[in-house]
Amino acid sequence: LFWENSTAGLVGAGEAYDDGLGGGFIIDGTLEGVYVITGDCNPIGGGGGGPCDQANATPAGGVENGRGCSANNNWTVANDFIVAAGENAEVTSIIPNLLVGVGATILSADVSLWDDAGGLPGTIISTQAGVVPTSQPMIGTAFGLDLLAVTLDLTPLALPGDAGTDTSYWISIQVTTSDGGNAFWEDNSVNVIGEFLAFENNGAGWTIPEVRDGVYTYVANCTPIGGGGPCDQMTVTPAGGVENGRG
């Protein structure tokens, strides 16, 4: 059995061969194999993408309100994430602003990813249970409660996009507090991204309770759909026909 080669031109280094006598590979700089190597190439750094965080800040007038998201009442709150047309996204952390009792902290959170069903969370895609906050500094007070910026680092959530239109997903949380009491995801009526905040009360189904949106940062990276493209390499039999081969 022989791999065809030729002297018609080199792609990179010449042909390497091992004669089996223990001397290792030898490069013949006058010969190149005849082949097709099929592959895809992407720019270093993930297909030419980059950060695509989505954030909704506390209004200039201060904290307006909050929506319950604590396990003691089986309350769950979700906010949407929009993947721009032509991109795929990956969410690595979420940072909701949460109101808790004075001196209380967040022990853990159950974080779920949902698809969109007409402006509400639809089918659950995945859940990461018992996520322990990486940090939760107190950033203010309101209504006699402490306001915490709670960082939840996640196993990255893959959010495939669509080439021609934006794609919405929902990220929900239910938290457990150190005092066993209530927790509320800060919301507001001034800054709205996509859909309004969605709420589920003790498993009774998702609703949009008010014309408000959550206050949060979603830390994410986006890459163009496709990312790269073919980068096949090949050499061909010379016009004069097969020259030789290497066993």
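A short tour of the structure in this document, coming up. (Residues numbered from 1 in each chain as written. Predicted model: local features only at pLDDT ≥ 70, side-chain atom pairs only at ≥ 80, totals over all residues. Heavy atoms only, no water.)

**Brief notes about the pairing of strand β11 (residues 87–100)**
Move 1: In the sheet, β11 pairs with strand β22 (residues 216–224) via nine bridges, with the strands oriented antiparallel. Bridge pairing links Asn 88 to Thr 223 in β22.
Move 2: With five bridges connecting them, β11 and strand β16 (residues 152–159) associate as antiparallel partners. Bridge pairing in β16 links Val 91 to Leu 157.
Move 3: Direction of pairing for β11 relative to strand β15 (residues 145–149): antiparallel, over a ladder of four bridges. What sits directly across from Leu 98, in β15, is Leu 148. (Pairing = 2+ DSSP bridges. Helix = DSSP H or I, 4+ residues; strand = E, 2+ residues; numbered from the N terminus.)

**So, the sheet that holds strand β25 (residues 244–246)**
Move 1: Taken together, the three strands give an open sheet; going across it, the order is β4-β1-β25, and neighbouring strands pair in antiparallel fashion. Here the strands that pair on one side only, and so sit at the sheet edges, are β4 (32–33) and β25.
Move 2: Where strand β1 (residues 3–6) and β25 come together, three bridges link them in antiparallel fashion. If you follow Asn 5 over to β25, its bridge partner there is Asn 244.

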